[in-house]
Amino acid sequence: MSRSIRFDAVLIQAVIAGALSFAHLHDLAEAAGQTGWKAWAYPVSVDLLLVAAWRRMRDQQRAQLPSGGARLWFLVALGASLSANVATAGLLDLDDVPASLRIVVAGWPAVAFFGGTLLAHTPHGQDVPPASASTTPDLDEEPAAPAEIDAPRLEELPVPPVPVASLPPALVDRVRSLAEELRTATGHPADPDTVRARLGLPPSMTPAVAAHLTPTGA
C-alpha cells in the first residue's frame, strides 16, 4: 500500500533558509580564521542556541512566566545568524576580515556556552503548579453541612416512676370496706376512681386508692 507524500511549503522554506544560514555562518567563521571542523561547529552552535531559546521562550509564555531571558538569547542567536547572512552578501571582504570580527567569532563559543547553561537552568513551564492548584478556597463551593448529632427520641427517654401517695391506716380501712360493698352490690371488682369519688378524695389520690384495693379473699 503506497503512502502519498504531501510537501509542506513552509517546511521546505524552513529547510532552505536553514541550509543557507548554515553555509553563511560556516563561510564567515572560516574567513575569521576558524578552519577545519571548527568552521562547521559554529553554525551548529548558533542554530542550536536559536532553537533552544525559542522553545524555552514558548514554554515560559504558555506557563505565564517571565520569558525575558529566553527572548534575549533568542535575539542574540538570531543576530549572529542574520549578521553572517548580511556579511557574506558582498558587504564584507572575506579575504581581509577586520580584527573586531575575528574577536567576535573567537569569543562566540564562550557566549553560546553561557547562554545554553542559563537556558538549561531556567525553570520549565510544567514544573510550575497550575493556577487551579492554588490554596485559595473556592468561594463558589458550598460549605460542608455540620455533622448531625443523633438526639434521643422522646419515646426512648426513661420515664421516672411517679410516687404513690400513702393513705393513713383509718382511710385504708375505709377504702377497702367501701370497695367490698361495691363488689357485693355489682358483682365486679370496685373501680378505684369510683371509690375515690365516694370518699370525696381529689382525682390525684386515685393511684393511692388503687394501691390499697385488695381482691376478695386476699
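Residues numbered from 1 in each chain as written. Predicted model: local features only at pLDDT ≥ 70, side-chain atom pairs only at ≥ 80, totals over all residues. Heavy atoms only, no water.

Q: Can you lay out helix α4 (residues 99–120) for me, pointing to particular residues and giving the numbers?
A: In a regular helix each residue adds 1.5 Å, so 22 residues correspond to 32 Å; α4 covers 32 Å between its end C-alpha atoms and thus fits that length. The largest bend along α4 reaches roughly 40° and is located at W108, with the proline P109 sitting one to four residues downstream. Taken together, the buried positions of α4 are occupied by L101, V105, W108, A112, G115 and L119. Against α1 (9–31), α2 (37–62) and α3 (68–91) lie the buried residues of α4. (Helix = DSSP H or I, 4+ residues; strand = E, 2+ residues; numbered from the N terminus. Expected span 1.5 Å × (residues − 1). Bend = angle between axes of the 7 residues up to and from the residue. Buried < 20%, exposed > 50% of the residue type's maximum accessible area, 1.4 Å probe, protein only. Contact = heavy atoms within 4.5 Å.)

Q: Report on α3, specifying residues and quantitative values.
A: Here α3 contains 24 residues, and its C-alpha end-to-end distance of 32 Å stays within 8% of the 34 Å for a straight helix at 1.5 Å per residue. Looking only at α3, the buried set comprises A70, W73, F74, A77, S81, A84 and A87. Turning to α3, the residues buried within the fold contact α1, α2 and α4.

Q: Give a detailed account of the nonpolar core, specifying residues and quantitative values.
A: Counting 23 residues, the largest nonpolar core has L49, V105, W108 and L119 as the members making the most contacts within it. Looking at this core, the elements with two or more residues in it are α1, α2, α3 and α4. In contact with V105, not counting residues within four places along its chain, are A29, A32, Q34 and Y42. Ranked by size, the runner-up nonpolar core spans 14 residues in total, among them L178, A179, A190 and V209. (Core = buried A, V, L, I, M, F, W, Y, C linked by side-chain atoms within 4.5 Å.)

Q: Account for the pattern of salt bridges, naming residues and giving values.
A: Inspection of the entire model under this criterion finds 1 salt bridge. E180 is paired through a salt bridge with R183; the nearest N and O atoms lie 3.0 Å apart. Of this pair, E180 and R183 both sit in helix α5 (residues 169–186), 3 residues apart, which is roughly one turn of that helix. Of the residues examined, E180 reaches a relative accessible area of 33% and is grouped as partly exposed. (Salt bridge = Lys/Arg side-chain N within 4 Å of Asp/Glu carboxyl O.)

Q: Explain the packing of aromatic side chains to me, using residue names and the numbers behind them.
A: A complete count under the given rule lists 3 aromatic pairs for this structure. With 5.8 Å between their ring centres and 45° between their planes, W54 and F74 make a pair best called tilted. In this pair, W54 is assigned in helix α2 and F74 in helix α3, connecting sequence segments 20 residues apart. (Phe/Tyr/Trp six-rings, centres within 6.5 Å; stacked < 30°, edge-to-face > 60°.)

Q: Describe in detail the side chain of S81, supporting the description with residues and values.
A: Residue position: S81 is located in helix α3. Since its relative accessible area comes to 8%, S81 is described here as buried. At 2.6 Å, the side chain of S81 forms a polar contact with the side chain of S21. If near-sequence neighbours (up to four positions away) are discounted, S81 is found in contact with S21, L25 and V46. (Polar contact = N/O pair within 3.5 Å; in protein donor to acceptor, adjacent residues only side chain to side chain.)

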